[in-house]
Protein chains: 2
Amino acid sequence: MTKIPYKIFLSENEVPRNWYNLKAVMKEKPSPMLHPGTLKPCKKEDLAPIFCEAVIEQELNEKDKYIEIPEGIMDFYRMIRPSPLIRAYNLEKALKTPAKIYYKFEGTNTSGSHKLNSAAAQVYYAKEQGITTLTTETGAGQWGTALSMACAYYDIDLIVYMVKVSMNQKPYRKTVMETYGSKVIASPSNTTEIGRKILEENPETGGSLGCAISEALEIAMSTDNCRYVLGSVLDHVILHQTIIGEETKTACEKYGIEPDIMIGCVGGGSNFAGLIAPFMGDKIEGKNNIHFIGVEPASCPTLTRGRYAYDFGDTGKITPLLKMYTLGSGFMPSPDHAGGLRYHGMNPILAKLYHDGYFEARSVEQTKVFEAAKEFMRHEGILPAPESSHAVRVAMDEAKKCCETGEEKTIIFGLSGTGYFDLSAYSSYNAGTMTDYIPTDEDLEKGFATLP
Amino acid sequence: MTKIPYKIFLSENEVPRNWYNLKAVMKEKPSPMLHPGTLKPCKKEDLAPIFCEAVIEQELNEKDKYIEIPEGIMDFYRMIRPSPLIRAYNLEKALKTPAKIYYKFEGTNTSGSHKLNSAAAQVYYAKEQGITTLTTETGAGQWGTALSMACAYYDIDLIVYMVKVSMNQKPYRKTVMETYGSKVIASPSNTTEIGRKILEENPETGGSLGCAISEALEIAMSTDNCRYVLGSVLDHVILHQTIIGEETKTACEKYGIEPDIMIGCVGGGSNFAGLIAPFMGDKIEGKNNIHFIGVEPASCPTLTRGRYAYDFGDTGKITPLLKMYTLGSGFMPSPDHAGGLRYHGMNPILAKLYHDGYFEARSVEQTKVFEAAKEFMRHEGILPAPESSHAVRVAMDEAKKCCETGEEKTIIFGLSGTGYFDLSAYSSYNAGTMTDYIPTDEDLEKGFATLP
C-alpha cells in the first residue's frame, strides 16, 4: 500500500468538478420550506426578491445528485483549494493510539474558514444575474470576511450588517472586510426601518444576529439589483460546502483510506454536512457503515436537546419556516466563545438525517473543548478555531477509546478554521476564567415557547 | 509543455532534504564575525555560552554547499511544508501584463510567516544538546510565535522578552505564545539586571528590541542549560530559510519555470536570502543571469543608503560585530508599520553579495506598499503582511513594465507571511491616516555616528 503522506494535496486535475446534492440520494426528503405568510411550500417566485435565481434552484433541487461547478467558480476555488487532508501522525503518537486520525483543514485561506466555499459560489451567481449589490449579516465575522473576499474578486458591492457588540469586540474583523472594499455597518443602525425602530426602543442595545439579518433583508428587498446572501443553514449553502467532502473522498480513494468515524462541529450545519455529504450518500445507498458524529456546544444543544419542528431562521421571525431541530428562535444562548455554533436551528437536510438515525449528535462543554485544542496545537502546530475544536475534542475522545480497545479505527474530522481572530477566548481559557454553561430545562422551555 | 497549475505543491518525496549553504559557493567570503572584546574573529568557544553547538558550526561553515536536514526537523517540516508556489494568474489578468508572476507563500502555517523554518531547526538542535530552556526577544511577535510553536512541539521551555509597547499594541500575539506554553515577559522587566537598570533610569519606557535582546542574552548566559535563539540576521538562520528556495527551485525544475527576476523584502535578510539562495548560487557559478531585487522600506534604507561596515547587531552593543550594511545600531527608524523590516543592519552574506553587485536593492514608501497590497488581495485572495507587501509592490511594478515593453518576463517573489496580526496598519491605511517617512541625510548621520 502507498505510504500515506502527512498532507494529501490533490493535484489540480484531481480536484472534483461537482458538488454533491445529498437530497437527491435521500430516500425520504426533508420537509419543504414554508412561506411565513401562507404556510405553503415556498416557490421560486417567493424567494426571488431575496435570493439569486441560481441558488434558489439549487435550494429546491431534489433530483440531481451531482451539480457541476461553473468554470467561473472553479477559477476562485483554484486560489483557495484544494485544502489538505492531513494525517495527524504527531497527535496519534502523543495519544499513543492505534487509531489513524485525519483532518480536512479548511483554514489555510485568508478568511480562515470554510465559509469561502459558499461565498464564492453565491457571489458568482449574483454577478451572472446582473446583481450589483449584496447584503448580509455577520456575527463573529468569518462569514463577512469570506464574502468580502469573494465580492472583491467578482467586483460587486457588499454591505455587511455586523452585530454591534461583535464589532466592538473584534475591530480587526471590520478592518479586513473594509480592506476588501466592503461597507460594514454596526447593527442595529439608522440605515433601516427595523434598525431605527430597535434603536428608538433601546438606544443602548448591542444588537443581535436576528436584528442584523432583518436589516440586511430589508435593504436587499428595497433596493434595485440587490440580493441577500446567507452563510449557513440553507440547503444551497450545504451544497457548496460539499466540495470539502468531495475532495476528502477523492483523497481517500487515492490512498485507500476507509473511514470508520467522521466528525464535525455543527452550528448551522454547513461545515459538517459539507464534509460528510458524499460519504453519507454512500451510507444511504448501503455502500458503507461510517459512524458520523456531529458535535455541538453543551451551551446550545440544538440536536441533542432541541425539538424537530418548523421554526423561523431568525429572531425577527421574517424568514421562511424551516423544518429542523431547533431550540426556538427566541432561545438565548450564553455568551459562549464558539460564536459560529450559537445558532438555535439546524440545516433541514441534517435535521432530517438526524431524525432518521443516520448520525449521532454529541454535546461538549467548552472548557473541555479548549483543553483538547491546546493539546492538538502542541502536536499538530495549528491553532484551531473554537468551533472546529469541538470536533478535535471528540476525535481525541474516540482515538483514546481505541487505546483501550486496541481497535485501529480510521477517524476523519473536519478542522473548519483557525482561531486567529478568536484569541480572546484562548486568553480567557489560559487565565482560568472560562466557565461552562449548560442550559437548564427551564431555560430550554423559554426557547421552545417562542416556537410558532 | 506541462500546464502550470495555480498552485504547485511538491509531493512529500519531492521535498528537498538539504539546506543550501551560499557561503560555500561564494568566491569571496563574507568578512568574519568579530568578538566585541578582542576584535578578533569569533571562535566556536566564544559563541558557545550563547548559542547551541550545532548552529554555531553552521554559522561558521564555509565549506559544505548542502547541509542535510535531520529527520527530527523533517518531521516538523512535514507539518508546515511544503509551501505552495502560486502562479498569480488572476493578478496577471488584472494587470494585463505579459509577465508570468509566481509567488512562494510562507503564510499558511499558524505562525503566519516563514520564521518557523528556522525556529524548528534551532529548537531541535537545542533539544538534542540537552538544553532545557531557550530565551529570545520579539518585537512584532512573528518570531516569538514561531518559536513558541516549535518549543511546544519539541517540549522545551521558552522565555520571550517582548518589547513592552508591542505587547500593549498586540495583546493577542502574547496570547498565542502563552497558549503554546511560553512565558512572555514585557521588556524592560525586573527579571534582569539590565532591565532593572533601564527601568530605574526611565520607569515609563516602552522598551526597544535592543533592550529585549540584552535581557534575553543575560538570562541565557546566567542560567544553566539555557541558550539564546535569534530569528534573523545571522548566517545559520539564513541557512534554515533556504528550504524556501530549495522548494522553489525544485518546483521550477519540475515545471520548466525559468525566472528572470526574483524579488523579496529585506529586513534582517532571512526571507529574501532563503528564497534566492540556490538561484544566487547558480548565478555565482555562471548558470543563470537572474535579476534579484531586495526591497526595503524607505523609512529604514539599510542597503540603499547605509554603510558597509562592522557594527553591532543590537542597540546595547553587546553582540559580536558583523560586517554588514548598516544605518548604525543607534539609528532610530520611524514608527513604520512593517515592524519586521525596521532593522538597522543586514545579514553579512547578503551584505557581501550586495557589495559585490550580485543584486539590486530598492526602497519603497509604505503608502505605495499598502496600495499594492490592496490590489493584490482583491485578485489573489490573500491578505499579505506589510513586510511581504514590499515585495508585492516591486513585483507589480516590474510586471507593469512588461506591459510597456511587451516582454514575457518570469517573475518570482516571496510572500513571506500574512497580515492577520497587523490589521492596525491596514486600518490606518484605509482611514487615510498613514503617512510616509523618509529619513533626511541628517537623520542618517545621527545613526552613523553610533558606528563603532
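What chain A contains, in helices and strands, is 19 helices and 15 strands. Scaling as 2.2 N^0.38, a compact globule of 452 residues should have a C-alpha radius of gyration of about 22 Å, and chain A matches this with 21 Å. Principal axes of the C-alpha set define a box for chain A whose edges measure 60 × 50 × 40 Å. Going through the 452 residues of chain A one by one, you find that 65% of them count as buried. Put simply, 76% of the contacts in chain A that link residues at least 6 apart link residues at least 24 apart. Accessible area of chain A: about 15900 Å², with a carbon and sulfur share of 49%.

Residue and element names in this part refer to chain B. Tallied over the full model, the rule gives 60 salt bridges over all chains. Residues Asp282 and Lys249 are paired through a salt bridge, measuring 3.1 Å at the closest nitrogen-oxygen approach. Of this pair, Asp282 sits in helix α13 (residues 270-284) while Lys249 is found in helix α12 (residues 235-255), placing the two residues 33 residues apart along the sequence. Here Asp282 falls in the buried class, since its relative accessible area comes to 13%.

With that settled, the discussion passes to the pairing of strand β13 (residues 321-326) of chain A. Residue and element names in this part refer to chain A. For β13, a buried count of six out of six residues is recorded, marking the element as mostly surrounded by other parts of the structure. The sheet contact formed by strand β12 (residues 307-312) and β13 spans six bridges and is antiparallel. When the bridges of β13 are listed, Tyr310 appears paired with Lys323.

As a further point, take the sheet that holds strand β8 (residues 183-187) of chain A. Residue and element names in this part refer to chain A. Strand order in this open sheet of four strands is β8-β7-β6-β9, and the pairing throughout is parallel. With partners counted over all chains shown, the strands left at the sheet margins are β8 and β9 (226-228), one partner each. With direction set aside, neighbouring strand axes in the sheet form an average angle of 25°. When strand β6 (residues 133-138) meets β9, the two strands line up parallel, connected through three bridges. Residue Thr133 lies in a different strand from β9, and its bridge partner there is Cys226.

This brings us to helix α7 (residues 142-154) of chain A. Residue and element names in this part refer to chain A. If you check α7, its first and last C-alpha atoms are 19 Å apart, about what 13 residues at 1.5 Å a residue would give, namely 18 Å. Taken across its 13 residues, α7 has 13 buried, putting it largely inside the fold. Phi for Asp155, located one or two positions after α7, is positive at around 60°.

Taken over all residues, the pLDDT of chain A has a mean of 94, while the share at 70 or more is 98%. For this predicted complex, the interface confidence reaches an ipTM of 0.92, while the overall pTM sits at 0.95.

Bring the parts together and some accessible area is lost; that lost area is often taken as the interface size. Taken together, the contacts link 41 residues of chain B with 41 residues of chain A. In this assembly, chain B packs against chain A so that about 4000 Å² is buried in total across both faces, 56% of it on carbon and sulfur atoms. On the chain B side of the contact with chain A, B:Thr179, B:Arg378 and B:Tyr420 bury the most area, a combined 18% of that side's loss. Joining chain B to chain A, the criterion identifies four salt bridges. A salt bridge links A:Asp155 to B:Arg378; the nearest nitrogen and oxygen atoms lie 3.4 Å apart. Across the chain B-chain A interface, the total number found is 20 residue pairs in polar contact (both at pLDDT 80 or more). The residue makeup of the side of chain B that touches chain A, split by class, is 18 nonpolar, 12 polar and 11 charged.

A few words on the relation of the copies chain B and chain A. Least-squares fitting of chain B to chain A yields an RMSD of 0.0 Å, with the transformation described by 0.0 Å of translation along the axis and a rotation of 180°. Seen this way, the second copy is the image of the first under a two-fold rotation axis. Closest approach to the rotation axis within chain B is made by the C-alpha atom of B:Thr108, at a distance of 2.7 Å. Same-surface contact between copies: 100% of interface residues of chain B are shared with the interface of chain A.

Looking now at the state of the cysteines. This structure, assessed with the given rule, holds zero disulfides over all chains. With no disulfide partner, A:Cys151 has as its closest neighbouring cysteine sulfur the one in A:Cys52, 10 Å distant. Classification of A:Cys151 by relative accessible area gives buried; the value is 2%. There is no disulfide at B:Cys226, and the cysteine sulfur nearest it, in B:Cys52, is 9.5 Å away.

With an omega of 5°, the peptide bond running from A:Ser187 to A:Pro188 counts as cis. Looking at the element boundaries, A:Pro188 is found in the loop between β8 and α10 (193-201). In this structure, the amide linkage connecting B:Arg81 to the following residue, B:Pro82, adopts the cis form with an omega of -5°. Mapped onto the secondary structure, B:Pro82 falls in the loop between α4 (71-80) and β4 (85-87). Residues other than glycine seldom take positive phi values, yet A:Asp155 does so here, at roughly 60°. Judged by its relative accessible area of 53%, A:Asp155 falls in the exposed class. We note that B:Asn225 has phi near 55°; this positive angle belongs to a residue other than glycine. Positionally, B:Asn225 belongs in the loop between α11 (209-222) and β9 (226-228).

Residues and elements named next belong to chain A. Along the chain, Thr326 falls in strand β13. A polar atom in the side chain of Thr326 sits 2.7 Å from the side chain of Asp311. The contact partners of Thr326, leaving out residues within four places of it in the chain, are Thr302, Gly306, Arg307, Ala309, Asp311, His344, Gly345, Phe448 and Leu451.

The strand order across the open sheet built from seven strands is β1-β4-β5-β15-β10-β11-β14 (chain B), with neighbouring strands paired in mixed fashion. Because the sheet does not close on itself, it has two edges, and the strands there are β1 (7-8) and β14 (360-364) of chain B.

Residues and elements named next belong to chain B. Running from N to C, α4 and helix α7 (residues 142-154) cross one another at 125°; their axes reach a closest spacing of 12 Å. Taken together, α4 and α7 sit at an angle that is classed as oblique. The handedness of the crossing between α4 and α7 is right-handed. Taking contact as the criterion, the partners of Gly72, Ile73, Asp75, Phe76 and Met79 in α4 are, on α7, Met149, Ala150, Tyr153 and Tyr154. Taken together, the residues that form the contact of α4 with α7 break down as seven nonpolar, one polar and one charged.

Right, let's get into helix α19 (residues 441-448) of chain A. All names here are of chain A. Taken as a whole, α19 has its buried residues at Leu444, Gly447 and Phe448. Looking straight down α19, one finds its buried side chains confined to an arc of 95°; they lie on one side. For α19, the exposed residues set more than 90 degrees away from the buried face come down to Glu442 and Lys446. Where α19 is buried, its residues touch α14 (302-305), β12 and β13.

Residues and elements named next belong to chain A. For Lys65, the position within the fold is in the loop between α3 (53-60) and β3 (66-68). Between the alpha carbons of Lys65 and Asn21 there is a distance of 4.8 Å; along the sequence they are 44 residues apart. When residues no more than four places from it in sequence are discounted, the contact partners of Lys65 are Trp19, Tyr20, Asn21, Ala24, Val25 and Glu285. Here the side chain of Lys65 touches Glu285 through a polar contact of 3.3 Å, side chain to side chain.

On to the packing of aromatic side chains, then. Within this structure, the stated rule accounts for 36 aromatic pairs over all chains. Lying over the aromatic face of A:Phe448, A:Arg307 brings its terminal NZ or CZ to 4.0 Å of the ring centre.

Relative to the elements of secondary structure, A:Gly316 occurs in the loop between β12 and β13. Linking A:Gly316 and A:Thr435, residues 119 residues apart in sequence, is a C-alpha distance of 30 Å.

Another aspect to go through is the environment of A:Ile412. Residues and elements named next belong to chain A. With respect to the helices and strands, Ile412 occurs in strand β15 (residues 410-415). For the pair formed by Ile412 and Lys23, sequence separation is 389 residues and the distance between their alpha carbons is 23 Å. With near-sequence residues (within four places) excluded, Ile412 lies in contact with Leu85, Tyr102, Thr248, Cys252, Ile257, Pro259, Ile261, Met262 and Ile263.

The next thing to look at is the packing of helix α12 (residues 235-255) of chain A against helix α13 (residues 270-284) of chain A. All names here are of chain A. Running from N to C, α12 and α13 point in directions that differ by 55°, and their axes come no closer than 6 Å. As judged from the angle between their axes, α12 and α13 are oblique. Viewed along their axes, α12 and α13 form a crossing whose handedness is right-handed. Across the interface between the two elements, Val237, Ile238, Gln241, Thr242, Ile244, Gly245, Glu246, Thr248, Lys249 and Cys252 from α12 touch Ser270, Ala273, Gly274, Leu275, Ala277, Pro278, Phe279 and Asp282 from α13. In terms of residue class, the contact of α12 with α13 is built from nine nonpolar, six polar and three charged.

Reading the values: rules and limits
Residues numbered from 1 in each chain as written. Chains lettered and ligands numbered in written order. Predicted model: local features only at pLDDT ≥ 70, side-chain atom pairs only at ≥ 80, totals over all residues. Heavy atoms only, no water. Helix = DSSP H or I, 4+ residues; strand = E, 2+ residues; numbered from the N terminus. Rg over C-alpha atoms; globule rule 2.2 N^0.38 Å. Buried < 20%, exposed > 50% of the residue type's maximum accessible area, 1.4 Å probe, protein only. Contact = heavy atoms within 4.5 Å. Areas by Shrake-Rupley, 256 points an atom, 1.4 Å probe, with all protein chains shown as cover. Salt bridge = Lys/Arg side-chain N within 4 Å of Asp/Glu carboxyl O. Pairing = 2+ DSSP bridges. Axes fitted to C-alpha atoms, helices over the stretch in contact; angles between N-to-C directions. Expected span 1.5 Å × (residues − 1). pLDDT = per-residue confidence, 0-100. Buried area = accessible area lost by both parts, 1.4 Å probe. Polar contact = N/O pair within 3.5 Å; in protein donor to acceptor, adjacent residues only side chain to side chain. Nonpolar A, V, L, I, M, F, W, Y, C, P; charged D, E, K, R; others polar. Least-squares fit on C-alpha atoms with pLDDT ≥ 70 in both. Disulfide = S-S within 2.5 Å. Parallel < 35°, antiparallel > 145°, perpendicular 65-115°, else oblique. Left-handed = near helix turned anticlockwise from the far one by under 90°. Arc of directions from axis to C-beta. Phe/Tyr/Trp six-rings, centres within 6.5 Å; stacked < 30°, edge-to-face > 60°. Lys NZ or Arg CZ within 6 Å of the ring centre and 35° of its normal.

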